[in-house]
Each structure stands twice: as structure tokens, then as C-alpha cells.
Amino acid sequence: MAINPTHIKYIKWRSPEGLHEDTIQCISQLQFINDEVNFLNELIKVHTLDLISGTTFEKSSVIVSKLITLQKEFKPLIEQVELHRNKLQTLMDDIDVPDEQEDYKAEHYKLMFESIGFNSKFKKLKKEIFSLISSILKFNKQKRLLN
């Protein structure tokens, strides 16, 4: 995957409050993506007959399988990020544990990188779905105009 992780390198200088904000924003973004996935599923259901007909069948089956794979990746990722958010409380307590903050930041970096990768895969898939559906709608409109 061609994701450049350099823009999240700032994590090593973030305070626990900043890490918490990052995590809350990541959870919010993932939940929004989940809503969009549900919308895309409904969109695909509405246009199922057009998607399985003729020339679009192979392309649509690949896209639907990618969407199913993305849905399977979502649940473990959101659970990891929520668990990570809950671990922040132990980081903010008054008990000093050696390398606790560095370990948390390393995990934070990994999870933020994974969520960025998930987001970019979703955006690419969403573009493919919209492109396919729009081509189907254009074809149907042309067919109605000819009749």
C-alpha cells in the first residue's frame, strides 16, 4: 500500500490529551465510514439487477467482494482503537511505569497508520462503486431515451 506515514510522526511529541483527541477523531471517522458502507450496501441492493447483467457482472462481483472484505476488516479495527482509547486512562494515572508512554505511543502510531490505510482503501472502493453505478444509470437513461 502506498501510504506515507511521515505525517503521523508527530505522535512522539503528543501529550496524552492530544493522543486522546486523535483516538476520538479516529473512532468518529471509522464510525462514519461504517455508515457510508451501509449506504453503499443499500445502493448496491437497489441496483442489483443492473449490476449482475451483462458486461458489469465481473466488475461488480469484484467490487462487492472488496466491500465484504472491508466490512470484515472494520470490526476488529474499531475494537482495537476503542480498546486503545480505554488504555489511555492507565497512561494518565499517577503511577509511573517505565516506558509506558513510549509503548502507548508506538501502539497509537500503528493504529493510526492502520486506520489511515483503511480509510484510503475505502475511498478507492467508494470511487469504484460510484463510477460503476453512475455508468449503469447513464446507460439506463440512454436506453429510455431511445425507446
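Rules used in this analysis
- Every chain is numbered on its own, with residues counted from 1 as its sequence reads.
- Side-chain atom pairs in this predicted model are given and counted only at pLDDT of 80 or more, local residue features only at pLDDT of at least 70, and totals for whole chains, interfaces and linings cover all residues.
- Note: side-chain values were computed over all heavy atoms of the structure, leaving out hydrogens and water.
- Here a strand is any run of E in DSSP of at least two residues, a helix any run of H or I of at least four, and the numbering for each starts at the N terminus.
- Relative accessibility under 20% of the residue-type maximum defines a buried residue, over 50% an exposed one, and the middle range a partly exposed one, all with a 1.4 Å probe and only protein chains included.
- The contact criterion used throughout is that any non-hydrogen atoms of two residues lie within 4.5 Å.
- Only the protein chains shown count as cover for residues, and the accessible areas themselves come from Shrake-Rupley with a 1.4 Å probe.
- Note on aromatic contacts: the rings of Phe and Tyr and the six-membered ring of Trp form a pair at centre separations within 6.5 Å, being stacked when their planes are under 30 degrees apart, edge-to-face when over 60 apart, and tilted otherwise.
- Buried and open spaces are told apart on a 1 Å grid over the protein atoms alone, a cavity being a set of points where a 1.4 Å probe fits but cannot get out and a pocket being an open set with protein on both sides within 12 Å along at least five of seven lines. Residues with an atom within 4 Å of a point are the lining residues.
- Grid points are joined across faces, edges and corners, and a volume is the space filled by probe spheres set on the points.
- Polar here means any residue outside two lists: the nonpolar Ala, Val, Leu, Ile, Met, Phe, Trp, Tyr, Cys and Pro, and the charged Asp, Glu, Lys and Arg; Gly therefore counts as polar.
- Here pLDDT means the predictor's own confidence in every residue, given as a number from 0 to 100.
- Only the contacting stretch of a helix is used when fitting its axis, a line to C-alpha atoms as for every element, and angles between N-to-C directions run 0 to 180 degrees.
- For classification, angles of less than 35 degrees are called roughly parallel, those exceeding 145 degrees roughly antiparallel, those between 65 and 115 degrees roughly perpendicular, and all remaining angles oblique.
- Should the near helix be turned anticlockwise from the far one by less than a right angle, the crossing is left-handed, and should it be turned clockwise, the crossing is right-handed.
- Here, nonpolar core refers to any group of buried Ala, Val, Leu, Ile, Met, Phe, Trp, Tyr and Cys residues whose side-chain atoms link them within 4.5 Å.
- A patch consists of residues exposed above 30% relative accessible area that lack any salt bridge, with like charges linked at up to 9 Å and nonpolar side chains (Val, Leu, Ile, Met, Phe, Trp, Tyr) linked at up to 5 Å.
- Definition used for salt bridges: Asp or Glu carboxyl oxygen within 4 Å of a side-chain nitrogen of Lys or Arg.

(A) Layout of the overall build of the chain. Secondary structure assignment for the chain yields four helices and zero strands. Order of helices (α) and strands (β) in the chain, N terminus to C terminus: α-α-α-α. Counting the 147 residues in the chain, one finds 33% classified as buried. The long-range fraction of contacts in the chain, counting pairs at least 24 apart against all pairs at least 6 apart in sequence, stands at 85%. For the chain, the accessible area works out to roughly 9800 Å², and carbon and sulfur atoms hold 58% of it.

(B) Quick look at the packing of aromatic side chains. Applying the stated criterion to the full structure yields two aromatic pairs. With a centroid separation of 6.3 Å and an interplanar angle of 40°, the aromatic rings of F74 and F118 are classed as tilted. Remark: F118 occurs in helix α4 (residues 100-146) and F74 occurs in helix α3 (residues 57-92); sequence separation between them is 44 residues. In terms of burial, F74 and F118 fall into one category: buried.

(C) Just the layout of surface pockets, in detail. Taken as a whole, the second largest pocket spans an internal volume of roughly 180 Å³. Its residues assigned to classes, the lining of the second largest pocket shows two nonpolar, one polar and five charged.

(D) Spotlight on the confidence of the model for the chain. Scored by pLDDT, the chain comes out at a mean of 84, with 88% of its residues at no less than 70. Model confidence for the chain, summarised as mean pLDDT per element, is weakest for helix α2 (residues 48-51) at 82 and strongest for helix α1 (residues 16-46) at 91. Across residues 1-6, confidence stays below pLDDT 50; counting only partners more than four residues off in sequence or on other chains, it has nine contacts.

(E) Seen up close, the packing of α1 against α4. With their axes 10 Å apart at the nearest point, α1 and α4 run at an angle of 25° to one another. Viewed along their axes, α1 and α4 adopt a mutual orientation that is roughly parallel. Helix-helix and strand crossings are classified by hand; for α1 and α4 the assignment is left-handed. Of the residues that constitute the contact of α1 with α4, the class distribution is 17 nonpolar, six polar and four charged.

(F) Looking closely at the environment of F122. Note on placement: F122 falls in helix α4. With a relative accessible area of 1%, F122 lands in the buried category. The sequence separation of F122 and I33 amounts to 89 residues, and the corresponding C-alpha distance is 7.8 Å. Leave out the neighbours within four places in its chain, and F122 touches I33, E36, V37, L40 and L70.

(G) Just the nonpolar core, in detail. Counting residues in hydrophobic clusters, the biggest one holds 25 residues, and the most contacted among them are L30, V81, F118 and I129. Secondary-structure elements contributing two or more residues to this core are α1, α3 and α4. Among the elements that make up this core, the one with the highest residue count is α4 (nine residues). Beyond its immediate sequence surroundings of up to four residues, I129 is in contact with L40, L43, I44, I63 and L67.

(H) Region of interest: a nonpolar patch on the surface. Taken together, L49, I52 and F57 make up a surface patch of nonpolar side chains, about 330 Å² in accessible area. Along the polypeptide, L49 turns up in helix α2. Assessed through its relative accessible area of 69%, L49 is described here as exposed.

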